[in-house]
Amino acid sequence: MAVAETQLYAKVSNKCRSKSASALLESLLAKGFPAHIAQKALAATGQKTTEDAAKWLHSHCNDPSLDDPIPQEYALYLCPTGHLHNHLQEFWKESKRQCGKNRAHEVFPHITLCDFFTCEDQKVELLYDTLKRVGDNFSHSFPPFISLSLHSSTSYLGFFVGDSHANILKNFALAFSSEASALADCHVKPCLKQLHLTLAHKFYPHHQKTLEQLAKCINPGETCQWVAALYSRDMRFVHYQTLRALFQYKPQNIDELMINTGDFVYVDPMQQSDVSEGWVIGTSHRTGCRGFLPENYTERANESDTWVKHREYVFVTASRLFTQTENEPNVKLNGGVYNPSTSRSVTNVLSLQNATLRRGVLVMRHGERVDQVFGKSWLQQCLTADGKYYRADLNFPSTLPKRKDSVKHFECDPPLSCCGIFQSKLIGEALLDQEVTVSYVYSSPALRCVQTAQHVLQGLKLDQKVKIRVEPGLFEWTKWEASRVIPNFMTVTELAEASYKIDTSYRGNFPLSSLVPSESYEEYVSRSSAVIKQIITACPSKGKGVILIVGHGSSLASFTRPLIGLPARDSSDFAHAVRKIPSLGMCFCEEIEEENKWQMVNPPVKTLTHGANAAFNWRNGIVED
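Given the structure is predicted, the values throughout are model-derived calculations rather than measurements. (Residues numbered from 1 in each chain as written. Predicted model: local features only at pLDDT ≥ 70, side-chain atom pairs only at ≥ 80, totals over all residues. Heavy atoms only, no water.)

**Student:** How would you summarise the overall build of the chain if you had to cite specific residues and measurements?
**Tutor:** The helix and strand inventory of the chain stands at 17 helices and 20 strands. The burial tally for the chain puts 49% of its 625 residues in the buried class. For the chain, contacts bridging at least 24 residues in sequence account for 77% of all contacts bridging at least 6. About 30,100 Å² of surface is accessible on the chain, with carbon and sulfur atoms providing 52% of the total. (Helix = DSSP H or I, 4+ residues; strand = E, 2+ residues; numbered from the N terminus. Buried < 20%, exposed > 50% of the residue type's maximum accessible area, 1.4 Å probe, protein only. Contact = heavy atoms within 4.5 Å. Areas by Shrake-Rupley, 256 points an atom, 1.4 Å probe, with all protein chains shown as cover.)

And the structure:
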């Protein structure tokens, strides 16, 4: 490569770049890699170092698509850095905490200049060249700051770029697209519509006001250096979900996927219908291999987590010597005006909002039940010939509580396993560590729920202070009862005599006799909505604290959605969602009293994840062949 050309590439801002792309390719060819595969590796790793590309090639040695001529997709974004970027990141964090994840959280803060386009691997260098030349041509006309005005609707919140500055950015994008299309023989489409920096997108309408309050804390006139950055992604997985591995998983069968902690896995939601419950099928971003993996070993990642930054051009502008209050216009929110210099930080707004929060509702599924581990015939494994209970496995409870009717009723009203008891205490201890104040506890009449509530209270060290209110209306959708009848639950008196801390004076809002076998989905939704409203009404709003509701997998959606003003899901979608809720899965809602509404936020404690532990017979494989 000519000296002048080498110097040209060196000027493109990228601290990791130490060699030209051609030199990197020659180094890989010298190692024996075929040219098309070496170019693919360089494109997938941002053409930074030989080591990165070689590592990618070794990881993808079993990738069935390694020889496929599938190029990367590229996009040109204008990204903020400095104080503005920090405030945007704070907004990202707080908006997700208070209102849950929305579409904007999938990608970092940016203004789109050229949306995704394909470019052949061997021509990517030309994109770098184009970015440098066009950046140099526009550096003198790039504005010292970009005018941003806040706009809001029921599904979108973001900053719109002022017309004069937008025209400069559009011309920059147009120049890049024209030259890149000609040199690299690819179709690059510049963004010529309203330029914007999205803050939130596709959120629930009732979150709009909260998001606006947080957005008003951002001063768009903050010190900022703008960077035009070229990113790439794997075009095959554009419409897939991206998962991040929380733990290492070593395959037990040939069709399973090896994952390391931190690996990303692409999962197509349309291909999961025939997969066994608790499993997903996906493709590893690190290796390109495909297989099954346990879903509870992963968490949702952001779409952009697997993107690769190739090169960037930093626009260096003159220092701004004037202050916001004297020289910059107030920011408009759809015609309204406010002064950014008087805006509060996101943290301050959060603290003010927390000051008005009166109550929280924590809805929790019960812990592991014995029939979940040992099957529906678990009781037969634990009864002697004369009908007495004994512990056939250490995960069975040491004893069963006394009940006046037949012990066989435990088959339809099973207790927690010993692991379920441990899980419940662990959650209670975690809530105590987070200083969560539980003021009221409601439980489904199912024994497993009462036991979960009891052991959560023990972990919280509140079992002598807070009593459990047994509410029949909290029982799960009766259509799912295998026996097609309402289980014969232990009475409140029996539970109290068995040393469970029961509020015997409490009278349920929904009498046990009112539960209908095989109720319709509409009847279940109506019951759930009525019960949660009655519980909220019965708990005084003056005292701060959390209302703990221990129910079933179906409880998480059926009690929280009406509380935050969302309609019930379609019955098939509801059933699919419930199947994925693990033991002790939970949802948390907070009340904003001055707005007369509830919002769903992150639960106060982390999730509880663990693996299976199969029964073991020491004879098999040890002393017997």
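Having put the structure on the table, let's press on.
**Student:** Explain the packing of helix H5 (residues 83–99) against helix H8 (residues 208–215) to me, using residue names and the numbers behind them.
**Tutor:** Packed helix pairs are characterised by how far apart their axes lie and by the angle those axes make with each other. Contact pair H5 / H8: the axes reach a minimum separation of 10 Å and the direction vectors enclose 155°. By the angle class used here, H5 and H8 are roughly antiparallel. Like other packed secondary-structure pairs, H5 and H8 cross with a definite hand, here right-handed. Within the contact between the two elements, H5 uses Phe91, Glu94, Ser95, Gln98 and Cys99 and H8 uses Thr210, Leu211, Leu214 and Ala215. Residue composition of the contact of H5 with H8, grouped by class: 5 nonpolar, 3 polar and 1 charged. (Axes fitted to C-alpha atoms, helices over the stretch in contact; angles between N-to-C directions. Parallel < 35°, antiparallel > 145°, perpendicular 65-115°, else oblique. Left-handed = near helix turned anticlockwise from the far one by under 90°. Nonpolar A, V, L, I, M, F, W, Y, C, P; charged D, E, K, R; others polar.)

**Student:** Could you give an account of the sheet that holds strand S11 (residues 298–300), with specific residues and numbers?
**Tutor:** Pairing is antiparallel in the open sheet, where 5 strands are placed in the order S10-S9-S8-S7-S11. Edge strands, defined here as strands with exactly one partner in the open sheet, are strand S10 (290–294) and S11. When strand polarity is set aside, the average angle formed by the axes of neighbouring strands in this sheet is 45°. Where strand S8 (residues 264–267) and strand S9 (residues 279–284) come together, 3 bridges link them in antiparallel fashion. Across the sheet, residue valine 267 finds its bridge partner in S9, namely glycine 282. (Pairing = 2+ DSSP bridges.)

**Student:** Tell me what's going on with the packing of helix H6 (residues 124–138) against helix H7 (residues 163–184), and back it up with residues and numbers.
**Tutor:** Where H6 meets H7, the axes come as close as 9 Å, and the angle between the chain directions of the two elements is 145°. Where H6 crosses over H7, the handedness of that crossing is right-handed. On H7, the residues touching Leu126, Leu127, Thr130, Leu131, Arg133, Val134, Gly135 and Phe138 of H6 are Ile168, Asn171, Phe172, Ala175, Phe176, Glu179, Ala180, Leu183 and Ala184.

**Student:** Give me the packing of aromatic side chains: which residues, what numbers.
**Tutor:** For the structure on display, the rule yields 31 aromatic pairs. When the centroid spacing of 6.2 Å and the interplanar angle of 70° are considered together, the rings of phenylalanine 91 and tryptophan 92 count as edge-to-face. Across the pair, tryptophan 92 and phenylalanine 91 agree in class, each one buried. Ring geometry for tryptophan 480 and phenylalanine 574: centres 5.8 Å apart, planes at 15°, overall stacked. Taken together, the positions of tryptophan 480 in the loop between strand S17 (468–470) and helix H14 (492–497) and phenylalanine 574 in helix H17 (residues 571–579) put the pair 94 residues apart, joining distant regions of the chain. Assessed through its relative accessible area of 33%, tryptophan 480 is described here as partly exposed. Here phenylalanine 574 falls in the buried class, since its relative accessible area comes to 3%. Here the aromatic residues Tyr77, Phe108, Phe116, Tyr231 and Trp307 are joined through ring pairs into a cluster of three or more. The lysine or arginine in question, arginine 403, covers the ring of phenylalanine 410, its NZ or CZ lying 5.0 Å from the ring centre. Seen from the ring of phenylalanine 510, arginine 527 lies directly overhead, with NZ or CZ sitting 5.9 Å from the centre. (Phe/Tyr/Trp six-rings, centres within 6.5 Å; stacked < 30°, edge-to-face > 60°. Lys NZ or Arg CZ within 6 Å of the ring centre and 35° of its normal.)

**Student:** Can you break down the environment of lysine 202 residue by residue, with the values?
**Tutor:** Secondary-structure assignment places lysine 202 in the loop between strand S5 (196–201) and H8. In this structure lysine 202 comes out as exposed when scored by relative accessible area, which is 61%. In contact with lysine 202, other than residues within four places in its own chain, are Asn102, Arg103 and Ser155.

**Student:** Lay out the nonpolar core in plain terms, naming residues and giving numbers.
**Tutor:** Grouped together as the largest cluster of nonpolar side chains are 51 residues, with contacts concentrated most on Leu78, Phe176 and Leu199. Counting residues per element, this core draws most heavily on H7, which supplies 7 residues. Apart from residues lying up to four places away in sequence, leucine 78 is in contact with His110, Ile111, Leu113, Phe142, Ile146, Leu169, Trp226, Val227, Ala228 and Phe315. Counting residues in hydrophobic clusters, the runner-up holds 42 residues, among them Leu431, Val438, Ala446 and Met490. (Core = buried A, V, L, I, M, F, W, Y, C linked by side-chain atoms within 4.5 Å.)

**Student:** Lay out the pattern of salt bridges in plain terms, naming residues and giving numbers.
**Tutor:** Counted under the stated rule, the structure contains 23 salt bridges. The residue glutamate 303 makes a salt bridge to arginine 103 at a minimum N-O spacing of 3.0 Å. Of this pair, glutamate 303 sits in the loop between S11 and strand S12 (308–314) while arginine 103 sits in the loop between H5 and strand S2 (111–119); the two residues are 200 residues apart in sequence, bridging distant segments of the chain. Its relative accessible area of 16% is what places glutamate 303 among the buried residues. On the basis of relative accessibility, which here comes to 39%, the residue arginine 103 falls in the partly exposed class. Connected through salt bridges with shared partners, the residues Glu73, Arg103, Arg233 and Glu303 form a single ionic network. (Salt bridge = Lys/Arg side-chain N within 4 Å of Asp/Glu carboxyl O.)

**Student:** An account of the environment of glycine 262 is needed here, citing residue identities and associated values.
**Tutor:** Along the chain, glycine 262 falls in the loop between strand S7 (241–245) and S8. Taking C-alpha positions, glycine 262 is 9.9 Å from arginine 286, a pair spaced 24 residues apart along the chain. Apart from the residues within four sequence positions on either side, glycine 262 is in contact with Arg244 and Ala245.

**Student:** Got a sec to walk through the side chain of arginine 311? Specific residues and values, please.
**Tutor:** Along the chain, arginine 311 falls in strand S12. Buried charge without a partner: arginine 311 forms no salt bridge, and the closest opposite charge is glutamate 125, 7.8 Å away. Within the structure, the side chain of arginine 311 is placed 2.9 Å from the backbone oxygen of glycine 46, a separation counted as a polar contact. (Lys, Arg positive; Asp, Glu negative; His and termini not counted. Polar contact = N/O pair within 3.5 Å; in protein donor to acceptor, adjacent residues only side chain to side chain.)

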